Amino acid sequence: TAAIIDGKAVAARTNEETAQAVAEFTDRTGTRPGLATILVGDDAASAVYVESKRRTSVRLGMADFHRHLPSTASRDDVARLLDELASDDAVSGILLQLPLPESLDTTGLVDLIPPSKDVDGLTTASAGLLARGLPGLRPCTPLGAVELLDSSEVTLSGSRVVVVGRSELVGRPLAQLLLQRDATVTTAHSRTQDLPAVTRDADVLVVAAGVPGLIGAEHVKKGAVVIDVGIHRTETGLAGDVRFDEVVGVASAITPVPGGVGPMTIAMLMRNTLTAAIMVSEPQQ
Ligand code: NAD
């Protein structure tokens, strides 16, 4: 059976390294990296995510700038707040928690975050830098998936990697990150014909489809590495896009849900916030 890739342990190690680097940064500059989180409205899940990001940033020694706007906030209210945080030197990174209330133009507002503070890596500018292979801040969940592969010493260069999903948040940037690592990348999506034939070609299979239990033993080549990005609340707890009990008998390594990619996402947000702070304090780098 497959080795279980322990995302909780890798995230904890990554956070320790970030805390160490934050302490060094603070000693050197006399300032702390600062993370501004913005929550618009009262979505319960979003509130929990934001709380968890703030708590982790404080634990790692960062300054916490949280703003909560009511669900009735206008586009201008959010835009004004983003402008204010963009010009505040104490704020290294700005995170606009998604989803926004439906009345608001998400892309237009996200794009008001300057690329140097875009710690979620979701602005059009950051996406362009990634597509071009230029330095910039990258989306956290794709970074986390790649970090887990690296922590398991999975060879990416030359390997056949299949990414299931092409969202702006996960699948698309992930495929681009993997391409930068010289993997042979295939992107599968909801219009892909004969998905099992495509995924069975993969040495490394990363699944971010948002469909519970989409991937079973019939989709996986013997000995492949499987990374499950999906998260779903079920009656028995959290579950992923991969039928873990089946695939664990076919893969050589697999991430569990929970405890796989999930914890990595916040760890990468923390690292991005530190990186953003360093980029401002040492712009020549
Ligand atoms: P999304 O719905 O925006 O995109 C899903 C993608 O999967 C689309 O590109 C679609 O074409 C593809 N897809 C859908 N059904 C498919 C099928 N039957 N076969 C092949 N491809 C199919 O979702 P997303 O935002 O990319 O998130 C994907 C999953 O990852 C969700 O379960 C989400 O909850 C989870 N997620 C986890 C984290 C984390 O921190 N671990 C972060 C973000 C998202």
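For clarity, every value in this text was computed on a predicted model and none was experimentally measured.

Moving on to the UniProt feature "binding site: NADP(+)" (unreviewed entry) in the protein. Residues annotated by UniProt as "binding site: NADP(+)" (unreviewed entry) correspond here to Gly165, Arg166, Ser167 and Ile231. Mapped onto the elements of the fold, Arg166 is located in the loop between strand E5 (160-164) and helix H7 (171-180). Here Arg166 is in contact with Gly171, Arg172, Thr187 and His189, once residues within four sequence places are set aside. Relative to the helices and strands, Ile231 is located in the loop between strand E8 (225-228) and strand E9 (232-234). Judged by the 18 C-beta atoms lying within 10 Å of it, Ile231 is partly exposed. Residue contacts for Ile231: discarding those within four places in its chain leaves Leu238, Gly240, Val257 and Gly262.

Around the ligand sit 25 residues, and of these Gly165, Ser167, His189, Gly210 and Thr265 come closest. When residues of the shell around the ligand are assigned to their parent elements, the largest contribution, three residues, is made by helix H10 (residues 261-281). Class assignment for the residues of the shell around the ligand results in 12 nonpolar, 12 polar and one charged.

Within this numbering scheme, the UniProt entry marks residues 5-120 as carrying the feature "domain: Tetrahydrofolate dehydrogenase/cyclohydrolase catalytic" (unreviewed entry). Helix makes up 48% of residues 5-120 and strand makes up 16%, while its end C-alpha atoms are separated by 24 Å.

The next thing to look at is the sheet that holds strand E4 (residues 93-96). Taken together, the three strands give an open sheet; going across it, the order is E3-E2-E4, and neighbouring strands pair in parallel fashion. Of all strands in the sheet, those with a lone pairing partner are strand E3 (63-69) and E4, marking the two edges. Neighbour-to-neighbour, the strand axes of this sheet turn through a mean angle of 15°, independent of strand direction. Here helix H3 (residues 75-86) sits on the sheet in contact with strand E2 (34-40), E3 and E4, set at roughly 165° to E3.

Right, let's talk about helix H5 (residues 124-132) for a bit. Taken residue by residue, H5 has Ser126, Ala127 and Leu130 as its buried positions. One face of H5 carries all of its buried residues, which in axial projection span an arc of 100°. For H5, the exposed residues lying more than 90 degrees away from the buried face are Gly128, Ala131 and Arg132. On the buried face of H5, the contacting elements are H7. At the exit of H5 stands Gly133, carrying a positive phi of roughly 75°.

Conventions we followed
Residues numbered from 1 in each chain as written. Predicted model: local features only at pLDDT ≥ 70, side-chain atom pairs only at ≥ 80, totals over all residues. UniProt positions renumbered as here; feature names shortened; annotations may be inferred. Helix = DSSP H or I, 4+ residues; strand = E, 2+ residues; numbered from the N terminus. Contact = placed C-beta atoms within 7 Å. Buried ≥ 20, exposed ≤ 12 C-beta atoms within 10 Å, placed from the backbone. Near = placed C-beta within 6 Å. Nonpolar A, V, L, I, M, F, W, Y, C, P; charged D, E, K, R; others polar. Pairing = 2+ DSSP bridges. Axes fitted to C-alpha atoms, helices over the stretch in contact; angles between N-to-C directions. Arc of directions from axis to C-beta.

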